[in-house]
Structures are given as structure tokens and as C-alpha cells.
Amino acid sequence: MKHILEIIDYTYDGLGIGKVDGFPIFVSYAGVGDVVEVEITKMKKNLAFAKVMKFYEKKSVKPICKDFYQCGGCHIMHLPYEEQLRFKTNHVANTVKRIGKVDTEIRDTLGMKTPYHYRNKLIMPYDGALAGLYKKGTHDIVDVKDCYILNEQAFQITQFLRGKVDIRNVLIRNAYKNDSIMVVLISKESLQREIAEQLVSEYPNIVSVINNINDQNTNVILGKNSTVLYGEDEYEDELLGNRYKINHRSFYQVNIPQTEILYKEAIQAVDLKDKVVVDAYCGIGTIGLSFAKDAEYVYGIEINPDSIIAANENAKLNGIDNISFIEGKSEEKIQSIIEGVDVVITDPPRKGCGEPFLQSLIDNRIKEVVYVSCNVSTLARDIEYLNEYYSVEYVQPVDMFPHTYHVECVAKLIWK
Ligand SMILES: C[S@@+](CC[C@H](N)C(=O)[O-])C[C@H]1O[C@@H](n2cnc3c(N)ncnc32)[C@H](O)[C@@H]1O
């Protein structure tokens, strides 16, 4: 059945919402202000899904990427960039209010000047000479010939590899402040060094080629064993004036210019002078090392042993000695150091901090908490847990992932 409706809002994942006689219809690839004729694709009890048959008024735009409608890499490229930022701000505001149960200042999302080719890490599946990105919601490979969010040279390398080597996936990481590239070839069986020689002779700025063996039939990309085929298992980048060594397993933010904005927001949220600070879920130490010069002392806590090794090396590399890194779970290790801590900055994975960690903040009456989050739903859930003891001063969203529905936030909480 066909209906004509105006798009008035968005779902969390960027579908347009319109209504017919008060009944909500979620429309793919439509933006607020579009007036569309739609065809229902799936009817549920309280809502329906639909696709656009015809635009009567169009505020959404033609996506720059011709594979956008097939590929699962981007979700909202049909929205003008300013509208993407508005969508993210509203999504954060609604979620913090609904799940977090607080009324607080939600600042406008900080976007990029040029929101393209920002990703410094790509993972691409191969099936023989076929390489690409997964089709939305499937494991079918879309044979993409161009990409507007990946680093351009990293993408070229994926094309160079087509048909030359028997791999399951390639992982490519590139530095932002120099042109170093790391290529990780993931295969079922060991590869010859020859492919590394070919890569480096074609792209002399490749500083590291790793062969990771993964013969398991699971969704996990990296296997346990890796061999260095060229260079060393590291490359160097720079972030807010500090140098970092990154290995092929380390967590490292994927959009460095926006990470600099995000970290500046986290640092300026608190007065760090003479303060003892915890950087929980610290990865390779990038947040803690960025503010160590302003603080009295910093403790970083991280579960991944490779990241802890890298964090210690990074402290040495930058001559920073008022910081120590502790390997283990933040929710457990925080207990042993929390006495005398003034500020906690926490940057957990998507699942959020969880109750034991939050309870230690409450039990120890930590005065100021800066919560950096890549998942506003778990941020809001954790805010709700802290509500009785903490006020949320504001939430600042930052657009780390243009053209996708993901949004990063910095929330400042103070003891009531
Ligand atoms: C979103 S990343 C943040 C890393 C770092 N703050 C940054 O900006 O690059 C989350 C980090 O938490 C680590 N992690 C996951 N679960 C953890 C836990 N229970 N305790 C400590 N670290 C954990 C991951 O290995 C990852 O490095």
C-alpha cells in the first residue's frame, strides 16, 4: 500500500520517521523535511518500515558514493552534513533524557570541516580477487571501487592486493601526522615474504607488513599468531603534540583530527592542576599522556597487555614520568588506587562502564568525572545509575564518524 507523508524525525540509526494517522512509519534514506510517497516493506504491531517511491519535496541529497545504498560502511550519507550533525545532537539529547533521566545542557555536535577520508583503519574482506565491504546486515561482499571515508592510499593498497595473494582480510592502518602505513595480511596459511616486497616496492611509505594467521571459522578477524614480514610491528603517529607507537592489535582512535577535538574537550572539562587523575580504559595511554603535563599524577588502567606495553613505551618516548599504567580490568584495579584520586576520566568500550566501576566512584565520592563515550545508550544508562550522587553539567557530542549514525560524547559529571 502507498502513502504520502512528511519526515519529521529520525530513529537512532538514521531512518526517517513519518506518520500516517498517528501511526509511525520508518523510512529508509529519507531526511527531515522530505515529503515522500512510500511503500510499506514490513508491517509490525506498532510501526511499519517503508521505502521511498517518489519525492515530492526533497531536503535529503544524492550521496557522493555510488555504492552507498549497497555498502554497510555508511548509514546517513543521504543527509547534508549539517543535518547529520543536527541528527546526532538530537539523538544524544533524546537518549540522555529518556534513558539517563536527566535534563541537562546538550551542546551542538562538533563536526569536521571536510568530513571525508577520515578513517585511519580499514578492514576489508577478500574472496579471491573480490574485495570490498560487507553489504548492509549480511556477509556478502560489495565490490567497492572507491570509498569516501577511508584513507585514499590505504584504499589503493586494497585494490593493489586483489588477486595477488590468498587472504581472508586485510587490516590497514595509516598515521595522520606522517605518511606511514601498516599492512596486516590475514590468511589461513603462512604467506611468503615476496608479497611484502611487492607492497613496499609499490608503496615505499609502508613501514610494516604483518602476516596474521587465522584458520578459525568465526567472526573474529585476527588470529592468535602473527609474523612480521617487513619492518617492525609498529608505526608512529602524533596526537596533541605527543608521539605514539602503535602495534597491529592496539586500540587507536580512527579519526585523529576529531580525536584531538574530543581530548581537548575532555581536558578542558576539569581543572587538572595539582590533581591526581585516573584514565580508565586507557588503551595505549593517549588521553592520560595528553593531560599528564597539567596534572599532579595520572594512573592509566587497561585490560589489553599489548596496549599496556605500548602505553609505557609511549610515556618514555615523550619523557613523561608522572604517570603509571596498570594492567587489568578498570572495575577491579581502580579499587587499589582510588584513595586520594580527585578526577576520573573514563573512556569505556561500547558496553559502557558497568555497575562495579560506577559504584567505586560513588563509594569514594570522586568529585569530578569526565565520561568519554562512543555509545550514548550505555552512557545514558550509566548516568542514570549515578544520578542520585552526580549532576551532569553538560554533554558535548563530537562527530568522530561522519556519514555513519555513530556519535562520540564527552559528559561532565560533578558530585552533588
Ligand atoms: C574506547 S577504547 C578507549 C581507549 C583510549 N582511551 C583511547 O582514547 O584511545 C576502550 C579501551 O578499553 C579497553 N577495555 C575493555 N574492557 C576493559 C576493562 N574491563 N577494563 C579496562 N580496559 C578495558 C579496551 O582494550 C580499549 O583499549
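Because the structure is a prediction, the values reported are computed rather than measured. (Residues numbered from 1 in each chain as written. Predicted model: local features only at pLDDT ≥ 70, side-chain atom pairs only at ≥ 80, totals over all residues.)

**Let's talk about the overall build of the protein chain**
The line we're drawing: Secondary structure elements follow DSSP: runs of H or I of four or more residues count as helices, runs of E of two or more count as strands, with numbering from the N terminus. Two residues form a contact once the distance between their C-beta atoms, set from the backbone, is within 7 Å.
The number of helices and strands found in the protein chain is nine helices and 24 strands. With respect to the principal axes defined by its C-alpha atoms, the protein chain has extents near 65 × 60 × 35 Å. In the protein chain, the share of contacts with a sequence separation of at least 24, taken over all contacts with a separation of at least 6, comes to 60%.

**Structural notes on the nonpolar core**
For clarity, the cut-off: We define a nonpolar core as a collection of buried residues of the types Ala, Val, Leu, Ile, Met, Phe, Trp, Tyr and Cys that are connected via C-beta atoms lying within 7 Å of each other. Three exposure classes are used, all based on how many other C-beta atoms lie within 10 Å of a residue's own C-beta (placed from the backbone): buried at 20 or more, exposed at 12 or fewer, and partly exposed between those limits.
Judged by nonpolar contacts, the single largest core of 116 residues is most densely connected at Val27, Val170, Val183, Ala266, Val370, Val410 and Ala411. The dominant element in this core, judged by the number of residues it contributes, is strand E13 (residues 181-187), at six residues. Setting aside its immediate chain neighbours within four residues, Ala411 contacts Tyr371, Ser373, Leu379, Ile383, Val392 and Val395.

**Describing the sheet that holds strand E22 (residues 368-373)**
We apply this condition: When DSSP finds two or more bridges between two strands, those strands count as paired. Axis lines are fitted to C-alpha atoms, over the contacting stretch for helices. Their N-to-C directions set the angle, which ranges from 0 to 180 degrees.
With respect to topology, eight strands assemble into an open sheet ordered E7-E23-E24-E22-E21-E18-E19-E20, the strand pairing being mixed. Of all strands in the sheet, those with a lone pairing partner are strand E7 (105-106) and strand E20 (323-327), marking the two edges. Both strand E21 (residues 343-346) and E22 contribute to a ladder of four bridges, which runs parallel. By the bridge assignment for E22, Ile345 is matched with Val370. Contacts from helix H1 (residues 81-98) reach E7, strand E23 (390-398) and strand E24 (408-415), with the element oriented near 160° to E23. Relative to E23, helix H4 (residues 256-268) is tilted by about 160°, and along the sheet it contacts E21, E22, E23 and E24.

**Thoughts on the site of the ligand**
As a reminder of what qualifies: Using a C-beta atom placed from the backbone, a residue is scored as near a molecule or strand whenever that atom is within 6 Å of it. Nonpolar residues are Ala, Val, Leu, Ile, Met, Phe, Trp, Tyr, Cys and Pro. Charged residues are Asp, Glu, Lys and Arg, and all others, Gly as well, are polar.
Taken together, 19 residues lie around the ligand, and Phe251, Tyr281, Gly283, Ile303 and Asp347 are the ones closest in. Within the residue set of the shell around the ligand, elements represented by two or more residues are helix H5 (286-291), strand E19 (297-302) and helix H7 (330-337). Its residues placed into classes, the shell around the ligand shows nine nonpolar, six polar and four charged.

**Topic: the domain arrangement of the protein chain**
Frequently, the measure chosen for interface size is the accessible area removed from exposure when the parts meet. As a reminder, the rule being used: Segment limits for the domains were obtained from an automatic or database-derived domain assignment.
According to the domain assignment, the protein chain consists of domain 1 (2-60), domain 2 (83-114 + 255-415) and domain 3 (121-238). Distance between the C-alpha centres of domain 1 and domain 3: 39 Å.

**Some details on H1**
Spelled out, the test is: To estimate the expected span of a helix, count its residues, drop one, and scale the result by 1.5 Å. Note that the arc is defined by the directions from the helix axis to the C-beta atoms.
Helix length check: H1, at 18 residues, gives a terminal C-alpha distance of 26 Å against a target of 26 Å (1.5 Å per residue), a fit within 8%. Buried within H1 are the following residues: Gln84, Leu85, Phe87, Lys88, His91, Val92, Thr95 and Val96. Seen along its axis, H1 keeps its buried residues to an arc of 155°; they face one direction. With respect to the buried face of H1, the exposed residues turned more than 90 degrees away are Glu82 and Arg98. Structurally, H1 contributes buried residues whose contacts are with strand E2 (9-10), E7, helix H9 (376-386), E23 and E24.

**With respect to the environment of Ile64**
Along the polypeptide, Ile64 turns up in the loop between strand E6 (48-57) and H1. In this structure Ile64 comes out as exposed when scored by C-beta crowding, with 12 C-beta atoms within 10 Å. Setting aside anything within four residues of it in sequence, one finds Ile64 in contact with Met77 and Tyr148.

**Looking at the environment of His3**
Here His3 is to be found in strand E1 (residues 2-6). On a C-alpha basis, the gap between His3 and Arg107 in space is 36 Å, while along the polypeptide they are 104 residues apart. In contact with His3, not counting residues within four places along its chain, are Val20, Ile25 and Val38.

**Here we look at unusual backbone geometry**
For Tyr29, which is not a glycine, the phi torsion comes out positive at approximately 55°. One non-glycine residue, His117, lies in the positive phi region at around 55°. By secondary structure assignment, the location of His117 is in the loop between E7 and strand E8 (121-127).

**Some thoughts on the packing of helix H8 (residues 355-363) against H9**
Each pair of packed helices gets described by two things: the angle between the helix axes and the distance between those axes. The condition is simple: Geometric relationships in this document are graded by angle, where less than 35 degrees denotes roughly parallel, more than 145 denotes roughly antiparallel, 65 to 115 denotes roughly perpendicular, and other angles denote oblique. Crossings are assigned a handedness: left-handed for a near helix turned anticlockwise from the far helix by less than a right angle, right-handed for a clockwise turn.
Across the interface, H8 lies against H9 with an axial gap of 10 Å and an inter-helix angle of 40°. If you check the angle between H8 and H9, you find them oblique. Once H8 is placed against H9, the crossing between them reads as right-handed. Between H8 and H9, the residues in contact are Glu355, Leu358 and Ile362 and Asp382, Tyr385 and Leu386, respectively. Along the lines of polarity and charge, the residues of the contact of H8 with H9 split into four nonpolar, no polar and two charged.

**As for H8**
Those residues of H8 that fall on the buried side of the exposure criterion are Phe357, Leu358, Ser360 and Leu361. Projection of H8 onto a plane perpendicular to its axis shows the buried side chains occupying an angular sector of 155°, all on one side. Against the buried residues of H8 lie H7, E21, E22 and H9. Positive backbone phi, approximately 45°, marks Arg365, located one or two places after H8.

**Focus: the sheet that holds strand E15 (residues 225-231)**
Sheet architecture is open: six strands sit in the order E9-E8-E12-E13-E14-E15, paired in mixed fashion. Unpaired on one side and paired on the other, strand E9 (130-131) and E15 mark the two borders of the sheet. Along the sheet, helix H3 (residues 194-202) makes contact with E13, strand E14 (206-213) and E15, crossing E14 at roughly 150°.

**Looking at the pairing of E14**
Cut-off, in case you're wondering: Every crossover in which the path from the first strand over the helix to the second runs clockwise, viewed with the strands pointing away from the viewer, is termed right-handed.
Among the eight residues in E14, six count as buried, and that is most of the element. Judged from the seven bridges that link them, E13 and E14 form a sheet pairing that is parallel. Following the sheet pairing, Val184 is matched in E14 by Ile210. At this point the chain moves from E13, through H3, to the parallel E14, and the crossover so formed is right-handed. With six bridges joining them, E14 and E15 adopt antiparallel strand pairing. Residue pairing across strands places Asn211 opposite Thr227, the latter belonging to E15.

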